[in-house]
Amino acid sequence: MESYLNINRMSIHTLTVLYGSQTGTAQDVADRLVREAKRRHFASRSIAMDSYLTAKLIQERLVVFVCSTTGQGDPPDNMKMFWRFLLRKDLPSNSLSQVQFAVLGLGDSSYQKFNVVGKRLHKRLEQLGGISLHKLGLADDQHDLGIDAVVGPWIDEYFQTVLSLYPLPSDLQVISKDVCPPPKYSVQVVDAIPTDKELNGVNDETPIQSNQPPSSVCPFHAKLLSNQRVTASNHFQDVRLIKMDVSKSGIEYDPGDVVMIHPQNSPESVHCFLEVLKMDPNSVFLIKELDPDNPVPAPLRKPQTAEWLGTHYLDINSVPRRSFFELLKYHAMDEMEREKLEEFCTPEGQEELYNYCNRVKRTILEIFQDFHRTASNIPSQYLFDIIPVLQPRAFSIASSPKAHPNELHVLMAVVHYRTKLQVPRKGVCSTWMASLDPSSLDGVRVPIWVKKGTIRFPKDEKTPLIMVGPGTGLAPFRSVIHDRCTGSPGDLVLFFGCRSQQADFYCKDEWDDLRERGQLELFTAFSRDQADKVYVQHKLREQGDLIWTLLNRKGASFYIAGNAKSMPDDVKEALCDVLCKHGGLTTVQATGYIQGLERKGRFQVEAWS
């Protein structure tokens, strides 16, 4: 049986996997591709596109691009520079004529621009002379089996194509899937933090420049100022307006920008995690590099306790991907647990795996508790392969840098729902944030940094704004409304929708005050306050004459923010009806009118699932 020993020395070909990942899914798929390549004796590595030296691309022979689509058709943050480079007009049309590439896109068909980043990337690589070695893969998170319905078969077919072009020598065989792949890192667990001499450089970190703005590498720990529930105490949903102090942080933001929050796992879940793995919370992990192509992440370059890892780094409360089960099965000594894990990894077992895991949103921690013999047998060095990294969460900023100086506000719905499992499902970040008490004597700090959002408001503050923001979609509009109202706001029209005027009319007093001052026109849709449900799209049709006047005569910009499922399409359809009725356009002309607004940046959508 072939093994992974000296894989790079024995490799005869190289495969580079470049990924653009916002939440870690594309990175997970990229790592899976690398494992499959190494099984076939290909030297391989995965790297974020923006961390890759683009000048080397013309020298590559085999490249796979894995990319997700974010927001309304945007590339992930760690792909944006790479994408801008590919779009340069001075690149010759034969730049990539030596590159044999394949693109695997990850998307969600509930969004209007499904997998558009993968489609555009594939087209651009062909325009630059790249040779498409395999069909464009378009995975859909909405499929009953999730992205794995496409990802698994696509990977198998890709390597069939590769081996037909680059067959292995007769003395080499594809490494069996029964052989456990090597871990990412070298890990040593000790009882106490070693001295500097014993660390041998493992604790060295590149110093962070103090004049740099906060980032994912060095977030700002903002003091919590207030944590106010803005829904009625008897309402089913808990929504918070959370205010943080960002003075002396170097953080600057504009309306429409997004704050990234790095959450923590709850103490209760961390305790259960350490218990099921039979791990001392105070044991210390020393992590070193095994492969120069796979450097140790900054947080792991210094000794960390097991408790710290469970709290801040490992995403133990996430719903796992298929790769989790594929790696977990190697550590199953119990026969029954091993058989079940192996079954989950077969094509025939995918429906059962979906019902066990994805349908009910079963978490990694709960799976460890179900397969407790296997969990307690996982070698420490494999934890970082099996368990994904706890990712930051993005929230539209709900405050104004002018009206709320040195503060940053977030309007956050606390995620809490039930499935067939007895224990309710809870959002990691929202549950943690809701639990924070600003009156704590020690002071509560929240790790944050800011990035540009998908919404861009006009630089000319006299440009009229039409804003449709039901629920927490209100957040970016609260930001721009308060920002505009510090001066001469111009025409500001807000359509807000919720269930009940008494239960979840967020920031009502603020809007009443601005209306009384003549700075805001507000139209509300309370869907459950009458027999027939009323939504924002109904109110939009009622105000059709106003909408047409603002768009056609005053050059207004139109914005939608909120849930991605049906609301954006329903609002767009209502706008189309308004243009037909009040503008005298045909349906085709109205559709073209909206597309024209979109091209000019006058029609923008920020939606999330």
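Basis of the calculations
Throughout this description, residue numbers start from 1 for each chain and increase along the sequence as written. Only residues with pLDDT of 70 or above have their local features reported here, since the model is predicted, and side-chain atom pairs are shown and tallied only from 80 upward, although totals for entire chains, interfaces and linings are computed over all residues. Side-chain calculation: all heavy atoms of the structure are included, whereas hydrogens and water are not. Secondary structure follows DSSP: runs of H or I at least 4 residues long count as helices, runs of E at least 2 residues long count as strands, and numbering of each begins at the N terminus. Here the globule rule is a power law, 2.2 Å times the number of residues to the power 0.38, and the radius of gyration is based on C-alpha atoms. Buried, partly exposed and exposed residues are distinguished by accessible area as a fraction of the type maximum, computed with a 1.4 Å probe on protein chains only: under 20%, between the cut-offs, and over 50%, respectively. Only heavy atoms enter the contact rule, under which two residues are in contact if any of them lie within 4.5 Å. Note on areas: Shrake-Rupley, 1.4 Å probe, and residue coverage restricted to the protein chains presented here. Charged residues are defined here as Lys and Arg on the positive side and Asp and Glu on the negative side; His and the ends of the chain fall outside this count. Every charge is mapped to an atom, namely NZ of Lys, CZ of Arg, CG of Asp or CD of Glu. To qualify as a nonpolar core, a set must consist of buried Ala, Val, Leu, Ile, Met, Phe, Trp, Tyr and Cys residues joined through side-chain atoms within 4.5 Å. Two kinds of site are reported from a 1 Å grid over the protein atoms alone, namely cavities, where a 1.4 Å probe fits but cannot get out, and pockets, open sets with protein on both sides within 12 Å along at least five of seven lines, and residues are called lining when an atom falls within 4 Å of a point. Grid points are joined across faces, edges and corners, and a volume is the space filled by probe spheres set on the points. Amino acid classes used here: Ala, Val, Leu, Ile, Met, Phe, Trp, Tyr, Cys and Pro are nonpolar; Asp, Glu, Lys and Arg are charged; the rest, including Gly, are polar. Read the arc as the range of directions from the helix axis to the C-beta atoms. Following DSSP output, two strands are said to pair if at least two bridges run between them. Note on method: axes are straight lines fitted to C-alpha atoms, helices fitted across the in-contact stretch only, with angles between N-to-C directions ranging 0 to 180 degrees. Any angle between 65 and 115 degrees counts as roughly perpendicular, while under 35 counts as roughly parallel, over 145 as roughly antiparallel, and the rest as oblique. For a crossing to be left-handed, the near helix must be turned anticlockwise from the far one by less than a right angle; the clockwise case is right-handed.

K.L.:
Any details on the overall build of the protein chain? Residues and values, ideally.
P.N.:
Within the protein chain one finds 21 helices and 22 strands. Compactness check: the protein chain gives a C-alpha radius of gyration of 26 Å against a globular reference of 25 Å for 609 residues, within 12% of the reference. Each principal axis of the C-alpha distribution contributes one length, and for the protein chain these read about 80 × 60 × 50 Å. Within the span of the protein chain, comprising 609 residues, buried residues form 52% of the whole. The long-range fraction of contacts in the protein chain, counting pairs at least 24 apart against all pairs at least 6 apart in sequence, stands at 77%. Carbon and sulfur atoms form 47% of the exposed surface of the protein chain, whose accessible area is close to 28,700 Å². Here the protein chain carries 70 positive and 74 negative side-chain charges, and the mean point of each set is 5 Å from the other.

K.L.:
So what's going on with the nonpolar core? Which residues, and what values?
P.N.:
Membership of the largest hydrophobic core comes to 40 residues, with the highest contact counts inside it found for F273, F285, F325, F368, F384, I386 and I387. For F384, the contacting residues outside a window of four places in its chain are K184, Y185, V187, F285, I287, L300, L309, Y313 and L314. Counting residues in hydrophobic clusters, the runner-up holds 30 residues, among them L550, L551, V578 and F603.

K.L.:
Talk me through the layout of surface pockets; I want residue IDs and the actual numbers.
P.N.:
Of the volumes computed, that of the second largest pocket is approximately 480 Å³. In terms of lining residues, the second largest pocket is bounded by 24 residues, among which R32, K177, R322, E326 and C345 are the most central. Secondary-structure elements contributing two or more residues to the lining of the second largest pocket are α2 (25-39), α5 (148-165) and α9 (322-328). Of all the elements, α5 adds the most residues to the lining of the second largest pocket, at six residues. Taken together, the residues of the lining of the second largest pocket sort by class into 11 nonpolar, three polar and 10 charged.

K.L.:
Please set out helix α19 (residues 544-552) residue by residue, giving values where relevant.
P.N.:
Restricting attention to buried positions, one finds in α19 the residues G544, I547, W548, L550 and L551. Along the axis of α19, the buried positions cluster into a sector of 165°, meaning they face one direction only. On the buried face of α19, the contacting elements are β18 (465-468), β19 (492-498), α18 (536-542), β21 (557-563), α20 (567-583) and α21 (587-599).

K.L.:
An account of the sheet that holds strand β22 (residues 603-608) is needed here, citing residue identities and associated values.
P.N.:
Taken together, the five strands give an open sheet; going across it, the order is β20-β19-β18-β21-β22, and neighbouring strands pair in parallel fashion. Either end of the sheet is taken by a strand with one partner, and the two such strands are β20 (521-526) and β22. The average undirected angle you get between the axes of adjacent strands in this sheet is 10°. Here β21 pairs with β22 via six bridges, running parallel. Within β22, the residue paired with A561 across the bridge is E606. Seen against the sheet, α20 touches β18, β21 and β22 and runs at an angle of roughly 150° to β21.

K.L.:
Pulling in residues and values, what's your account of the environment of I47?
P.N.:
Along the chain, the position of I47 falls in strand β2 (residues 42-48). When the C-alpha atoms of I47 and P169 are compared, they prove to be 28 Å apart, with 122 residues separating the residues in sequence. Excluding anything up to four places from it in sequence, I47 contacts V17, L18, Y19 and Y52.

K.L.:
So, the packing of helix α7 (residues 267-276) against helix α8 (residues 306-313): which residues are in play, and what are the values?
P.N.:
The contact between α7 and α8 brings their axes to 10 Å, and the two run at 130°. In terms of axis orientation, α7 runs oblique to α8. Handedness of the crossing formed by α7 with α8: right-handed. For the pair α7 and α8, the contacting residues are V270, F273 and L274 in the first and A306, E307, G310 and T311 in the second. Here the residues of the contact of α7 with α8 sort into four nonpolar, two polar and one charged.

K.L.:
Which residues make up the sheet that holds strand β7 (residues 185-190), and what values do they have?
P.N.:
On the basis of which strands lie adjacent, the open sheet formed by three strands has the order β7-β11-β12 and antiparallel pairing. Looking at which strands have only one partner, the edges of the open sheet turn out to be β7 and β12 (304-305). Here six bridges tie β7 to strand β11 (residues 284-289), and the two strands are oriented antiparallel to one another. Of the residues in β11, the one forming a bridge with V189 is F285.

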